[in-house]
Amino acid sequence: MSRVAYVNGRYVPHNEAAVSIEDRGYQFGDGIYEVIHIHEGRFVDTELHLSRLARSLREVAIAPPMNDAALLVVLREVVRRNRVSEGIVYMQITRGVARRDHAFPKGIAPALVVTARHGAAFPRDIDAWAGTAITVPDIRWGRCDIKTVNLLPNCLAKQKAREAGTYEAILIDGSGGVTEGSSTTVWAVDAHGVLRTRQLDDHILPGCTRAALSALLAEHAIAFEERGLTEAEFRAAREVFLTSATSYVKPIVRVDGVAVGDGAPGPITRRLFGLFARHADGVGHNQASRLASAPGIG
């Protein structure tokens, strides 16, 4: 079956999908994006992703191409046409097409592209799901809280991770603090047994999986601190795990070739992996939306 994409009002074969060479996303990286996990035919954490999408658009002053209800219709239709029950749906919004000029053009419509692709089923074996990481300097710009398509520094970091045979590159800023992964949120259980993740600010993306997990932690009375880790604290951590729409809760058992804790997923990570698996399955909450449900329901 050929893949289908949505491009500016039309559903087209994936291999025929195209945007103008003067699209500002192509020329300047002047755009934002979102990715929603699809699990067993449900969108996971829809409201969180749509809220972050709206925030990113506001921060870069791009008008929404349509309201949320209409956007959900498009997302569901792309997923339906591609028959995806496990995978992701990707949406990208740019400022639009105009003659190349750094300043924002007037009177142009934003451009919207939506694609979907199949992915592996949600992991059930935490030990098999565990991964490794390296650390690299954080060379990104000053507004990493916006989910922009300007991802070259992230790509360079991820490539270093791939070349090292690891899953992720964990970024260390100029002051020696852990920010996040190249495409993930970083969590750690420190040497004193305290679960920590960096506070939200301009230097990290407000992860939707982070937000969902934070809500689960509160619901189950599991204490954690939104407090940054120094590189030394991070290297002394008992447990490390990552979160994202496609990493879920992913244990990291070695960093720069050195075992984290005893080199296996720790007890807190194991518990949170189980809690998030239930969340993704739609057990005990209503955040994951059936594709067949009403368009306005998240």
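Coordinates for the structure precede this section.
Residues numbered from 1 in each chain as written. Predicted model: local features only at pLDDT ≥ 70, side-chain atom pairs only at ≥ 80, totals over all residues. Heavy atoms only, no water.

Enquirer: Explain the overall build of the chain to me, please; I cannot follow it from the model alone.
Expert: Counting its secondary structure elements, the chain contains 8 helices and 16 strands. Expected size for 298 residues packed as a compact globule is a radius of gyration near 19 Å; at 19 Å, the chain falls within 12% of this value. Here the C-alpha coordinates of the chain stretch approximately 55 × 40 × 35 Å along the principal axes. Counting only residues that meet the buried cut, the chain has 49% of its 298 residues in that class. Considering only contacts in the chain between residues 6 or more positions apart, those separated by 24 or more positions represent 73%. A total accessible area of about 13700 Å² is found for the chain, and carbon and sulfur atoms account for 54% of it. With 35 positive and 33 negative side-chain charges, the chain shows a separation of 4 Å between the mean positions of the two kinds. (Helix = DSSP H or I, 4+ residues; strand = E, 2+ residues; numbered from the N terminus. Rg over C-alpha atoms; globule rule 2.2 N^0.38 Å. Buried < 20%, exposed > 50% of the residue type's maximum accessible area, 1.4 Å probe, protein only. Contact = heavy atoms within 4.5 Å. Areas by Shrake-Rupley, 256 points an atom, 1.4 Å probe, with all protein chains shown as cover. Lys, Arg positive; Asp, Glu negative; His and termini not counted. Charge placed at Lys NZ, Arg CZ, Asp CG, Glu CD.)

Enquirer: Just checking my understanding: could you explain unusual backbone geometry for this structure?
Expert: Trans is the prevailing form of peptide bonds, just as negative phi is the prevailing case for residues other than glycine. In this model, Asn8 sits at a positive phi of 50°, which is unusual for a non-glycine residue. The residue Asn8 is located in the loop between strand S1 (4-7) and strand S2 (10-13) in this model. Residue Asn8 is classed as partly exposed on the basis of its relative accessible area, which comes to 43%. Notably, Tyr248 is not glycine yet its phi reads approximately 60°, a positive angle. Along the chain, Tyr248 falls in strand S14 (residues 248-255). Note on Tyr248: relative accessible area 7%, which makes it buried.

Enquirer: Is there a simple way to think about the nonpolar core in this case?
Expert: Within soluble globular proteins, side chains that are nonpolar tend to cluster in buried spots. Counting residues in hydrophobic clusters, the biggest one holds 24 residues, and the most contacted among them are Phe43, Leu53, Leu75, Val89, Met91 and Val114. Where this core is concerned, the elements lending two or more residues are strand S3 (31-39), helix H2 (46-60), helix H3 (68-82), strand S5 (86-94) and strand S6 (111-118). A total of 6 residues in this core trace back to one element, the largest contributor, which is H3. Once residues lying within four places of it in the same chain are set aside, the contact partners of Leu53 are Ile32, Glu34, Leu71, Met91 and Ile93. Counting 20 residues, the second largest nonpolar core, distinct from the first, contains Ile126, Val189, Ala277 and Ala280. (Core = buried A, V, L, I, M, F, W, Y, C linked by side-chain atoms within 4.5 Å.)

Enquirer: Where do I start with H3 in this structure?
Expert: Helical periodicity: at 3.6 residues per turn, an α-helix aligns residues three or four positions apart in one direction. Helix length check: H3 (15 residues) gives 21 Å between terminal C-alpha atoms against 21 Å at 1.5 Å per residue, within 8%. Of all the positions in H3, only Leu71, Leu72, Val74, Leu75, Arg76, Glu77, Val78, Val79 and Asn82 are classed as buried. The N-capping residue of H3, defined by a side-chain oxygen 3.2 Å from the backbone nitrogen of Ala69, is Asn67. With its phi angle positive at about 55°, Arg83 sits one or two positions after the end of H3. (Expected span 1.5 Å × (residues − 1). Polar contact = N/O pair within 3.5 Å; in protein donor to acceptor, adjacent residues only side chain to side chain.)

Enquirer: Could you clarify how one ought to interpret the pattern of salt bridges in this entry?
Expert: Side chains that differ in sign of charge can pair as their charged atoms come close. This structure, assessed with the given rule, holds 23 salt bridges. Residues Glu77 and Arg81 are paired through a salt bridge, measuring 2.7 Å at the closest nitrogen-oxygen approach. Here Glu77 and its partner Arg81 are both found in helix H3, 4 residues apart, which amounts to about one turn of the helix. Of the residues examined, Glu77 reaches a relative accessible area of 17% and is grouped as buried. Between Asp256 and Arg235 there is a salt bridge, with the nearest N and O atoms lying 2.9 Å from each other. With a gap of 21 residues between them, Asp256 in the loop between S14 and strand S15 (258-259) and Arg235 in helix H7 (residues 231-235) connect regions that are remote in the sequence. (Salt bridge = Lys/Arg side-chain N within 4 Å of Asp/Glu carboxyl O.)

Enquirer: Even after reading the chapter, I still don't get helix H5 (residues 152-163), so can you show me in this structure?
Expert: Between its terminal C-alpha atoms H5 stretches 16 Å, which fits the 16 Å expected from 12 residues at 1.5 Å a residue. Within the span of H5, buried status applies to Asn154, Ala157, Lys158 and Ala161. For H5, the angular spread of the buried residues around the axis is 100°, confining them to a single face. Along H5, the residues that are exposed and aim more than 90 degrees away from the buried face are Leu152 and Glu163. Buried-residue contacts for H5 involve strand S7 (131-137) and strand S8 (168-172). Gly165, located one to two residues past H5, shows a positive phi value of around 75°. (Arc of directions from axis to C-beta.)

Enquirer: Can you walk me through the environment of Leu205 in this structure?
Expert: With respect to the helices and strands, Leu205 occurs in the loop between strand S11 (195-197) and helix H6 (208-219). With a relative accessible area of 18%, Leu205 lands in the buried category. Residues Leu205 and Glu40 lie 165 residues apart in sequence; the distance between their C-alpha atoms is 27 Å. Setting aside residues up to four positions removed in sequence, Leu205 forms contacts with Arg52, Cys144, Asp145, Ile146, Lys147, Glu180 and Leu200.

Enquirer: How should I be thinking about the pairing of strand S9 (residues 178-181) in this particular structure?
Expert: In the case of a regular strand, side chains alternate between the two sheet surfaces. Pairing between S8 and S9: 2 bridges, direction antiparallel. What sits directly across from Ile170, in S9, is Gly181. Adjacent in sequence and paired antiparallel, S8 and S9 are bridged by 5 residues, among which Gly176 carries a positive phi angle near 85°. (Pairing = 2+ DSSP bridges.)

Purely geometric numbers; function is a separate question.
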